[in-house]
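One letter stands for each residue in the lines below.
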Amino acid sequence: MASANANLAARIGTAIVMVPALLAMLYLLPPIYFYSFLCLATAVGALEFFRMTHPGDAVAQWLGAAATVGVSLTLYFLADEPRALLAAFLLLPAFAMAVTLARLGAIETAALRLVALAFGPAYVGCMTLLARLLRERGGEGPGFVVMTLMIAWFADTAGYFAGRFLGRRKLYERVSPKKTIAGAVGGLGGSVVGVLFAKFVYLPGIRLEQVLPLAVVASALGQMGDLGESLIKRSTGVKDSGGIVPGHGGVLDRIDALLVVAPIVYLYTRVAYG
């Protein structure tokens, strides 16, 4: 209990520092500042990812992080150029093969490392779509970014408390022993509260009949993203992806759900608003 309370206090302290800084970037500064922050976080998250999949191989780790930043730059500056996107994502498998052949190491793990190098840059680089949301949606851009963050982080917070006080049955014990069914349901409720808050406080133009289903779907898939990152950590023998964020572990531990939620909300806005 003492450990859980200390972790909660660290989370609250981190939020007190980070939330005002994020809001200032979103509402007071040009979009490029927020993208620069996201690009840095993407690079750190990618390093954490490749340190798990490529332990002991600093060269492959940094090459994977560089490829992830390349994906991020392409998504931000060239997302409206289909040929640039096609080239970037078609080149990832070739890049993964070249690096793995050059850094062969243990043959028993070579195929898994190859797949990780092809998958990781797109997986972590998708967070860049938050910056696209900010830039594309004009005056409502900051609100859409905040709503996306609330879908992911309200789910995490509500799930934490629902699981702590109501959780009995485990959700997927082999992958994440602490997660419960009650926590998952609480997470869905937290995301719904997040979009309701957005609708009635800072995004009055969104339509409830659209965003309520969006909240449920994005929250459910975001929790899948959380479980997916837990699977990666458990299969590589790592407890936290890093230690840079007090109370949360690494950057990847903090954005695991966002890596799924951000693309879903971005696609929703492209379909609903053009």
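Residues numbered from 1 in each chain as written. Predicted model: local features only at pLDDT ≥ 70, side-chain atom pairs only at ≥ 80, totals over all residues. Heavy atoms only, no water.

Q: With reference to specific residues and values, describe the packing of helix H4 (residues 82–102) against helix H5 (residues 107–125).
A: In a pair of packed helices, the angle between the axes and the distance between the axes together describe the arrangement. Where H4 meets H5, the axes come as close as 8 Å, and the angle between the chain directions of the two elements is 145 degrees. Between H4 and H5 lies a crossing of right-handed hand. Between H4, through Phe-89, Leu-92, Pro-93, Phe-95, Ala-96, Met-97, Val-99 and Thr-100, and H5, the contact on the second element is made entirely by Ala-110, Arg-113, Leu-114, Leu-117, Ala-118, Pro-121 and Ala-122. In the contact of H4 with H5, the residues fall into 13 nonpolar, one polar and one charged. (Axes fitted to C-alpha atoms, helices over the stretch in contact; angles between N-to-C directions. Helix = DSSP H or I, 4+ residues; strand = E, 2+ residues; numbered from the N terminus. Left-handed = near helix turned anticlockwise from the far one by under 90°. Contact = heavy atoms within 4.5 Å. Nonpolar A, V, L, I, M, F, W, Y, C, P; charged D, E, K, R; others polar.)

Q: Mind laying out the pattern of salt bridges, listing which residues take part and the relevant values?
A: Here the structure, examined in full by the defined rule, presents eleven salt bridges. We note a salt bridge from Asp-253 to Lys-233, for which the minimum N-O separation is 2.9 Å. With Asp-253 in helix H10 (residues 251–255) and Lys-233 in helix H9 (residues 208–236), the pair connects residues that are 20 residues apart, well separated along the chain. Here the two residues Asp-253 and Lys-233 agree in accessibility, since each one is buried. Of the charged contacts, one joins Lys-239 and Asp-240 as a salt bridge, the two residues approaching to 3.8 Å between their closest N and O atoms. Bridged by salt links that share partners, the residues Asp-80, Arg-132, Glu-136 and Arg-270 form one connected network. (Salt bridge = Lys/Arg side-chain N within 4 Å of Asp/Glu carboxyl O. Buried < 20%, exposed > 50% of the residue type's maximum accessible area, 1.4 Å probe, protein only.)

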